[in-house]
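# A look at the structure
This is what each chain is made of:
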Amino acid sequence: VQLQASGGGLVQAGGSLRLSCVASGRTFSVTGMGWFRQAPGNEREFVAAITWSGDRTYYADSVKGRFTISRDKDKNAVYLQMNSLQPEDTAVYYCAARYARPFYQGRNGNEYNYWGQGTKVTVSS
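Let me begin by describing the structure that accompanies this report. Only a predicted model underlies this, so the values are computations on that prediction, with no experimental measurement involved.

Moving on, we come to the pattern of salt bridges. Scanning the model with the defined rule gives four salt bridges in all. Between Arg66 and Asp89 there is a salt bridge, and its shortest N-O distance comes to 2.8 Å. Here Asp89 lies in the loop between strand 8 (77–82) and strand 9 (91–99) and Arg66 lies in the loop between strand 6 (57–59) and strand 7 (67–72), a separation of 23 residues in the sequence. With respect to burial, Arg66 and Asp89 carry one shared label: buried. Shared partners join several salt bridges into a network, and the residues in it are Arg37, Glu45, Arg66 and Asp89.

Laid out in structure tokens, this is it:
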């Protein structure tokens, strides 16, 4: 499975961005996908996750109510709509896929088998 993330950029505080992650390859065995982020000097942290069927979503408390994860089955894509962005949201955002195993909440990066290359989000104050 290959993951291609895009959509990052520079935005002012209070603005919005939508990240995309397109999966290709043996996607029929993907069970869930997630978004993580890593800011300079910080550890990678969970942002949001969704089952491949799209019926369940999970969010970190820090983004709940501001970010929305969604899935397009036809395009094999997962999106992260980010609203009310704040400077503390500045990070490189990575999408990840869990393959061929049951998907739970996807909050732990070790649950994922494949990772995209990352897309940088910078929020200015």
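Structure's up, so let's keep going.
Within this structure, the stated rule accounts for six aromatic pairs. Measuring from centroid to centroid gives 5.7 Å for Phe36 and Phe46, while their planes differ by 70 degrees, and the two rings are edge-to-face. A residue pair is termed long-range when its members are at least 10 positions apart, and Phe36 in strand 4 (residues 30–38) and Phe46 in strand 5 (residues 45–51) qualify at 10 residues. On the basis of relative accessibility, which here comes to 2%, the residue Phe36 falls in the buried class. Exposure remark for Phe46: the relative accessible area of 12% places this residue in the buried category. Their ring planes at 65 degrees and their centres at 6.0 Å tell us that Tyr112 and Trp115 sit as a pair that is edge-to-face. According to the relative accessible area criterion, Trp115 is partly exposed, its value standing at 29%. Of the aromatic side chains, those joined through ring pairs into one cluster are Phe36, Phe46, Phe103, Tyr112 and Trp115. The positively charged end of Arg18 is found above the aromatic ring belonging to Tyr79, 4.1 Å away from the centroid.

The subject of this paragraph is unusual backbone geometry. Positioned with a positive phi, Asn76 is a non-glycine residue whose angle comes to about 50 degrees. Looking at the element boundaries, Asn76 is found in the loop between strand 7 and strand 8. With a relative accessible area of 23%, Asn76 lands in the partly exposed category. Of note, the phi angle at Ala100 is positive, near 65 degrees, even though the residue is not glycine.

Ordered in space as 1-3-8-7, the four strands form an open sheet in which the pairing is antiparallel. Bordering the open sheet on either side are strand 1 (2–6) and strand 7, each of which pairs with just one other strand. Neighbour-to-neighbour, the strand axes of the sheet open up by a mean angle of 15 degrees, direction not taken into account. Two elements, strand 7 and strand 8, share six bridges in a ladder whose sense is antiparallel. By the bridge assignment for strand 8, Arg71 is matched with Val78.

Turning our attention to the pairing of strand 1. Taking every second residue as pointing to the same face, the buried face of strand 1 carries Leu3 and Ala5, while none of Gln2, Gln4 and Ser6 on the other face is buried. Strand direction decides the pairing type here: strand 1 and strand 3 (residues 17–24), joined by five bridges, are antiparallel. In the strand pairing of strand 3, Ser6 is matched with Ser20.

About the cut-offs
- Residues numbered from 1 in each chain as written.
- Predicted model: local features only at pLDDT ≥ 70, side-chain atom pairs only at ≥ 80, totals over all residues.
- Heavy atoms only, no water.
- Salt bridge = Lys/Arg side-chain N within 4 Å of Asp/Glu carboxyl O.
- Helix = DSSP H or I, 4+ residues; strand = E, 2+ residues; numbered from the N terminus.
- Buried < 20%, exposed > 50% of the residue type's maximum accessible area, 1.4 Å probe, protein only.
- Phe/Tyr/Trp six-rings, centres within 6.5 Å; stacked < 30°, edge-to-face > 60°.
- Lys NZ or Arg CZ within 6 Å of the ring centre and 35° of its normal.
- Pairing = 2+ DSSP bridges.
- Axes fitted to C-alpha atoms, helices over the stretch in contact; angles between N-to-C directions.

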